[in-house]
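Breakdown of the fold
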Amino acid sequence: TLIPPELAEAYDCTVCKSIPEAIEGAHVVMALRLQRERMTAGLLPSLREYAIEYGINARKLELARPDAILMHPGPVNRGVELSVDAVDGPRSVILDQVENGVAVRAAVLYLILGGEAA
Amino acid sequence: MSLHIRGGRVVEPGTRGVSVRDLFVDETRDGLRVSFEPIGEHARAVIEAAGKLVLPGLVDLRAHLREPGEEYKEDIESGVRAALAGGVTTVVAQPDTKPCIDNGEIVNFVRRRGEATAGRVLVAGAVTKGLKGEELAPIGEMRRAGAVMLSDGDNWVRDAGLMRRALEYARDFNLTVSTHAEEATLARGGHMHEGAMSVRLGLRGIPSVAEETALARDLALATYTGGRLHVAHVTSARAVEMIRDAKGRETDVTCDVSVHHLVFTDKDLSNFDSNLRLVPPLRTELDRQALIRGLADGTIDAIVSDHAPQSVLEKDLPFHEALPGAIGLQSLLPLAMATELPLETIVARLTTGPAAVLHSQTLGLLAAGDIAIVDPAAEWQLARLTILSKCMNTPLTGRVLRGRVDVTVFGGRIVYQRDG
């Protein structure tokens with residue numbers, strides 16, 4: 001229910017019905033934070049159901065390629081979209097991602113405000 | 001003063017057809033006479049109309065004149081002035097004013113304000129008190145005060161039992177109930193059509209089923225009660241099919257389409273122009289083509305302007321925060337003419353079509369003495385200097401419009417003449 005009906009048409013992508021289906025053979029697994037407001041909009045039965053069905057944990061990650069990385073822009077709802085063993089696991093590059101993200105945002109703002117690229 | 005309109009291409013759908021003729025408008029002892037033959041010696045003002053179209057004054061079934069209550073956006077006088085400049089001599093004022101038109105007193109107020117203008121203002125009264133969808137408004141009282149139609153503005157009557165009563169009750173007063181078919185929980189939070197475009201633009205969408213489910217209910221109720229239903233501003237292809245089907249089965253239903261929906265689609269929203277934030281929303285090209293086909297085969301009875309003035313305060317905002325609507329009285333005809341439809345069909349859907357929805361035998365015909373003389377080749381633009389409405393919220397800025405009204409006649413008198 002969180003996916004708009006026309007997503008596949010708009011972005012030329014594949015839409016899967018389950019996490020294992022989507023993760024299988026992936027090079028990169030990118031998770032997004034579940035906004036709690038979505039819960040009250042009747043889109044999901046409960047957080048618990050979401051975590052069980054759609055949460056990513058280390059075991060589901062094993063379906064990805066051995067060298068796959070796990071990304072998430074943060075902040076992570078631990079135990080909801082990512083389990084603790086996924087977030088802190090060996091594939092996770094989340095901390096680097098967030099650090100890089102701060103730098104990229106600062107650079108974009110700098111350029112928009114009229115700064116010049118070095 | 002009598003008029004002699006010389007050498008124009010007279011278009012009167014259904015009765016006199018299309019022909020190049022002179023037209024004579026004479027005030028006689030027995031009333032106004034409009035004919036192709038001059039009868040009697042009258043001093044006549046001559047209007048040269050060679051190369052121009054001579055049409056019955058247009059009838060617009062849906063315009064929000066904002067008076068009473070929001071006169072900073074528009075009032076009845078300025079709205080009619082804009083209408084006459086667009087060749088529209090009859091406007092049906094929507095009841096979503098503040099206070100809304102839900103009793104005889106306010107119907108009277110609007111009607112009298114309309115009489116003080118140079119055109120004709122007909123009043124649509126509310127279906128429910130306060131447009132709240134809870135209790136029926138005093139329909140009989142509004143009818144006696146002169147209301148010609150019922151509408152709850154841009155609100156769908158959610159309570160099916162209440163809508164049933166409205167259709168039954170109004171039927172006995174020979175009034176049509178107009179519905180804005182939009183199921184609120186399906187449309188909730190949406191700002192534009194739900195589709196590939198809304199995904200790309202990141203805006204929440206209003207799916208076509210919001211219109212279709214509401215419409216299905218209203219058509220079923222209209223069939224069951226034998227009441228008169230009018231469906232306002234149809235936008236989806238499936239909705240057109242449903243109405244075509246219902247008409248085929250003799251349900252008493254009519255419908256209209258808003259002129260902007262004939263020309264724009266959701267693809268035009270990529271620059272987030274809040275002037276294209278409309279309710280109901282612009283849908284896809286396939287829907288637009290279905291609307292055109294619906295007009296061509298008569299499934300759709302009328303084209304309306306849905307003139308909805310919004311000031312800069314309401315429009316100069318992020319797309320999803322802006323209030324919906326665009327002005328449209330002045331551009332109604334040229335926009336309609338910019339579509340693929342043949343001229344006679346366009347004129348019919350702006351004159352005899354709306355007149356039939358109102359069950360009027362006199363509107364939309366030249367005999368009423370309401371005439372618009374149009375230069376079909378004139379190119380112009382809607383801009384600050386040309387817009388007569390109090391508000392400027394139009395998506396047509398910078399767009400060249402072809403077709404401009406030169407002269408508008410109302411009841412045999414010239415009420416608008418283009419300068420220059």
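This one's a predicted model, so the numbers in the text were calculated from it and none came from an experiment. (Residues numbered from 1 in each chain as written. Chains lettered and ligands numbered in written order. Predicted model: local features only at pLDDT ≥ 70, side-chain atom pairs only at ≥ 80, totals over all residues. Heavy atoms only, no water.)

**Quick look at the overall build of chain A**
When helices and strands are counted, chain A shows seven helices and two strands. Once the C-alpha set of chain A is aligned to its principal axes, its extents read approximately 50 × 35 × 30 Å. The buried share among the 118 residues of chain A stands at 30%. A sequence separation of at least 24 residues applies to 68% of the contacts in chain A between residues at least 6 apart. Of the roughly 8200 Å² of accessible surface on chain A, a fraction of 58% belongs to carbon and sulfur atoms. Averaging the positions of the 11 positive and the 16 negative side-chain charges in chain A gives two centres separated by 6 Å. (Helix = DSSP H or I, 4+ residues; strand = E, 2+ residues; numbered from the N terminus. Buried < 20%, exposed > 50% of the residue type's maximum accessible area, 1.4 Å probe, protein only. Contact = heavy atoms within 4.5 Å. Areas by Shrake-Rupley, 256 points an atom, 1.4 Å probe, with all protein chains shown as cover. Lys, Arg positive; Asp, Glu negative; His and termini not counted. Charge placed at Lys NZ, Arg CZ, Asp CG, Glu CD.)

**Points about the side chain of B:Glu168**
All names here are of chain B. Position of glutamate 168 among the secondary structure elements: in helix α4 (residues 160-172). Glutamate 168 sits in the buried class, given a relative accessible area of 18%. A distance of 2.9 Å separates a polar atom in the side chain of glutamate 168 from a polar atom in the side chain of arginine 165. (Polar contact = N/O pair within 3.5 Å; in protein donor to acceptor, adjacent residues only side chain to side chain.)

**Here we look at the layout of surface pockets**
Residue and element names in this part refer to chain B. In this model, the second largest pocket occupies a volume close to 530 Å³. Along the walls of the second largest pocket sit 31 residues, with Arg66, Asp96, Asp154, Gln310 and Pro324 positioned nearest its centre. Of the residues assigned to the lining of the second largest pocket, the class counts are nine nonpolar, twelve polar and ten charged. (1 Å grid on protein atoms, 1.4 Å probe; cavity = no way out; pocket = protein on both sides within 12 Å on 5 of 7 lines; lining within 4 Å. Points joined across faces, edges and corners; volume = space filled by probe spheres on them. Nonpolar A, V, L, I, M, F, W, Y, C, P; charged D, E, K, R; others polar.)

**Let's talk about the interface of chain B and chain A**
Taken together, the contact between chain B and chain A spans six residues of the former and eight residues of the latter. Interface area for chain B against chain A, summed over the two sides, is near 560 Å², with a carbon-plus-sulfur share of 63%. For chain B, the biggest contributors to the area lost against chain A are B:Ala196, B:Val199 and B:Arg200; these three give 71% of the whole. In this assembly, chain B and chain A are joined by zero salt bridges. Taken together, the residues of the side of chain B that touches chain A sort by class into two nonpolar, one polar and three charged. (Buried area = accessible area lost by both parts, 1.4 Å probe. Salt bridge = Lys/Arg side-chain N within 4 Å of Asp/Glu carboxyl O.)

**Considering the pattern of salt bridges**
For the structure on display, the rule yields 30 salt bridges over all chains. With a closest N to O distance of 3.3 Å, A:Arg78 and A:Asp88 form a salt bridge. With A:Arg78 in the loop between β2 (69-71) and α6 (84-87) and A:Asp88 in the loop between α6 and α7 (94-112), this pair connects stretches of sequence that are ten residues apart. The class of A:Arg78 is partly exposed, set by a relative accessible area of 49%. The exposure class of A:Asp88 is exposed, given its relative accessible area of 52%. One salt bridge in this structure joins B:Asp406 and B:Arg418, with 2.8 Å as the shortest N-O distance. Taken together, the residues span a long stretch of sequence, with B:Asp406 in strand β17 (residues 401-410) and B:Arg418 in the segment after β18 (413-417) at a distance of twelve residues.

**Here's the deal with the state of the cysteines**
Residues and elements named next belong to chain A. Going through the model one piece at a time under the given rule, you end up with zero disulfides over all chains. Free cysteine cysteine 13: the closest other cysteine sulfur is in cysteine 16, separated by 9.1 Å. For cysteine 13, a relative accessible area of 33% puts it in the partly exposed group. (Disulfide = S-S within 2.5 Å.)

**Digging into the confidence of the model for chain B**
This prediction gives chain B a mean pLDDT of 95; 100% of its residues lie at or above 70. Prediction confidence for the complex, expressed as pTM and ipTM, is 0.90 and 0.73 respectively. (pLDDT = per-residue confidence, 0-100.)

**So, the packing of α4(B) against helix α7 (residues 208-225) of chain B**
Residue and element names in this part refer to chain B. At a minimum axis distance of 10 Å, the contact between α4 and α7 shows a crossing angle of 45°. In this view, α4 runs oblique relative to α7, as classed from their interaxial angle. By crossing handedness, the relation of α4 to α7 is classed as right-handed. For the pair formed by α4 and α7, the contact residues are Ala160, Met163, Arg164, Leu167, Glu168 and Arg171 on the first element and Arg217, Asp218, Leu221, Ala222, Tyr224 and Thr225 on the second. In the contact of α4 with α7, the residues fall into six nonpolar, one polar and five charged. (Axes fitted to C-alpha atoms, helices over the stretch in contact; angles between N-to-C directions. Parallel < 35°, antiparallel > 145°, perpendicular 65-115°, else oblique. Left-handed = near helix turned anticlockwise from the far one by under 90°.)

**Notes on the environment of B:Arg418**
Residues and elements named next belong to chain B. On the basis of relative accessible area, arginine 418 is assigned to the partly exposed category, the value being 23%. Linking arginine 418 and aspartate 406, residues twelve residues apart in sequence, is a C-alpha distance of 5.1 Å. There is a polar contact of 2.8 Å between the side chain of arginine 418 and the side chain of aspartate 406.

**A look at α7(A)**
Residue and element names in this part refer to chain A. When the terminal C-alpha atoms of α7 are compared, their 26 Å separation across 19 residues agrees well with the 27 Å that a helix rising 1.5 Å per residue should span. Among the residues of α7, Ile94, Gln97 and Gly101 are the ones counted as buried. Down the axis of α7, the sector holding all buried residues measures 45°, keeping them to one side. Of the exposed residues in α7, those oriented more than 90 degrees away from the buried face are Leu95, Glu99, Val102 and Tyr110. (Expected span 1.5 Å × (residues − 1). Arc of directions from axis to C-beta.)

**Quick look at the sheet that holds strand β15 (residues 302-304) of chain B**
Residues and elements named next belong to chain B. Pairing is parallel in the open sheet, where eight strands are placed in the order β6-β7-β8-β9-β10-β13-β14-β15. At either margin of the open sheet sits one strand with a lone partner, and together these are β6 (58-63) and β15. Sheet twist, expressed as the average angle between the axes of neighbouring strands with direction ignored, equals 30°. Pairing between β6 and strand β7 (residues 88-93): four bridges, direction parallel. Following the sheet pairing, leucine 58 is matched in β7 by valine 88. Helix α1 (residues 76-85) rests against β7 and β8 (120-125) of the sheet, and its axis sits at about 140° to β7. (Pairing = 2+ DSSP bridges.)

**A word on the packing of aromatic side chains**
Residues and elements named next belong to chain A. Counted under the stated rule, the structure contains two aromatic pairs over all chains. Their ring planes at 35° and their centres at 5.7 Å tell us that tyrosine 50 and tyrosine 54 sit as a pair that is tilted. One end of the pair is tyrosine 50 and the other is tyrosine 54, both in helix α4 (residues 47-54) and four residues apart, which spans about a single turn. Note on tyrosine 50: relative accessible area 12%, which makes it buried. Residue classification places tyrosine 54 among the partly exposed residues on the basis of a relative accessible area of 38%. (Phe/Tyr/Trp six-rings, centres within 6.5 Å; stacked < 30°, edge-to-face > 60°.)

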